[in-house]
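Chain residues, written in single-letter form:
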Amino acid sequence: MQLRYSFRLYPNGPQRSALARAFGCARVVYNDALRARETARAEGAAFPKSGDLSKLLITAAKKTAQRAWLGDVSAVVLQQSLRDLDSAYRNFFDGLKGKRPRMGAPRFKSRKDNRQTVRFTANACWKITTGGDLSLPKIGDVRVKWSRSLPSTPSTVTVIKDAAGRYFASFVVETEPGETLPEAASQVGIDLGLSHFAVLSDGTKIESPRFMRRAEKKLKREQVRLSRKAKGSSNRAKARLKVARAHVRVADARREFHHQLSTRIIRENQAVAVENLAVKGLARTRLARSVHDAGWSAFVAMLEYKAARYGRTFVRIGRFEPTSQVCCVCGVKDGPKPLNVRVWECRGCGAVLDRDINAAVNVAKAAGLAVSACRAQVRPGLVPAQRGEAGTHRDGRTTVAGIPGALAPGTGGHLLASAAFTSSALVTAPT
């Protein structure tokens, strides 16, 4: 499988200027190609092919006075920009045909976009120097902060500039098939939520970090300062960077939390089951901010690719499974319940169930995982005891659980017994 590794870049002043030229030239070629195809569609002409666009918008354009500066950057960057447009159109048409989720038509890029990228393939003759720098054509040797070694030789490198002005090098590598983890005995179902980020079927509850909520005051303060700056001024540009940096710190903390938790779950369990949540629908409710702050989709995506990488089993169950309505002990469907009901008692067996743990166990069962209901840490409820189990009568007095005189004569045999999941039963007297 293909994996992507990102590392922080630290270009100097001339290198930042060269990267800005590369971003601008790739953006211009992309917009020119998009304009040519949209013009052909409006006129009812044939759809221009990538090869024809490359000759017209790159090779021929370099010879004109208006586009002569396209020769200042690597030609591979411009060719890859045309390939990005082809991918955008392909995804758009596949969405219309139902082959993938729908997405919008390709749009024109702006120099004010929060994210600027250029991609170098092997044809660009980029390399990693012996000193650990990244050598890029017509840019130079850029300093890289390596946090780990690459598992294999990368095929491409993408240079990214984010909204906070940070530069990253993103490498695509092929992983070897022998990276499977030792087989684990446990299997787990996961119920995702807001009060607890994740509840596992073994009863483990992971608290929600709520990174956005904790940073709200600082984000609001920086946003207010930005709104007070004059548009187009240098002070406004500096304030915009501060707002962007505050947001990326929140995003980085959330991503790190997702990576650590997903790796731990994949390492400890042979099979993982999650529910296919309608995140887009939940994001249109009053809980939108909390839903976006949790980042369920990114977390589930990490679980999926890490399970495929390390030889684990990953299962998604349908979003319409009544995991919160069915008792994980006896299987009786007890009906829907409002969100404020966190603990409920089953009308079939009397078990007192934690809503989230019960849902996690049902997620695992719906996925076909061998998860026992007794792992849900449910609390047994009180059920009527049988008359024969109430005790024995000795000398006209009722004896309960071997304790003489526990009940006065005439109280009857209607007692309450604890329906524990063991062979013994504790019988208590009614109040």
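Look up: the structure comes first, before these words.
Heads up: these notes are all about the structure in this document. Everything numeric here is computed off the predicted structure, so don't read it as measured data.

Calculation notes
Residues numbered from 1 in each chain as written. Predicted model: local features only at pLDDT ≥ 70, side-chain atom pairs only at ≥ 80, totals over all residues. Heavy atoms only, no water. Helix = DSSP H or I, 4+ residues; strand = E, 2+ residues; numbered from the N terminus. Areas by Shrake-Rupley, 256 points an atom, 1.4 Å probe, with all protein chains shown as cover. Salt bridge = Lys/Arg side-chain N within 4 Å of Asp/Glu carboxyl O. Buried < 20%, exposed > 50% of the residue type's maximum accessible area, 1.4 Å probe, protein only. Pairing = 2+ DSSP bridges.

1. Focus: the overall build of the protein chain
Then, number 1: On a plain count of helices and strands, the protein chain comes out with 10 helices and 20 strands.
Then, number 2: Surface exposure of the protein chain reaches about 24600 Å², of which carbon and sulfur atoms provide 52%.

2. Describing the pattern of salt bridges
Then, number 1: Inspection of every chain in the model, using the stated rule, returns 16 salt bridges.
Then, number 2: Asp84 is the partner of Arg119 in a salt bridge, and the nearest nitrogen-oxygen pair spans 2.7 Å. Taken together, the residues span a long stretch of sequence, with Arg119 in strand S2 (residues 116-120) and Asp84 in helix H3 (residues 75-97) at a distance of 35 residues.
Then, number 3: Overall, the relative accessible area of 26% leaves Asp84 in the partly exposed class.
Then, number 4: Arg225 is paired through a salt bridge with Glu222; the nearest N and O atoms lie 3.5 Å apart. Of this pair, Arg225 and Glu222 both sit in helix H5 (residues 216-227), three residues apart, roughly one helical turn.

3. Some details on the sheet that holds strand S6 (residues 156-161)
Then, number 1: Here we have seven strands laid out as an open sheet, ordered S2-S6-S7-S1-S5-S4-S3, and antiparallel in their pairing. Two strands close off the open sheet at either side, each with one partner strand: S2 and strand S3 (127-128).
Then, number 2: Pairing of strand S1 (residues 2-10) with strand S7 (residues 167-174) involves eight bridges; the strand directions are antiparallel. The partner of Phe7 across the bridge, within S7, is Ala169.

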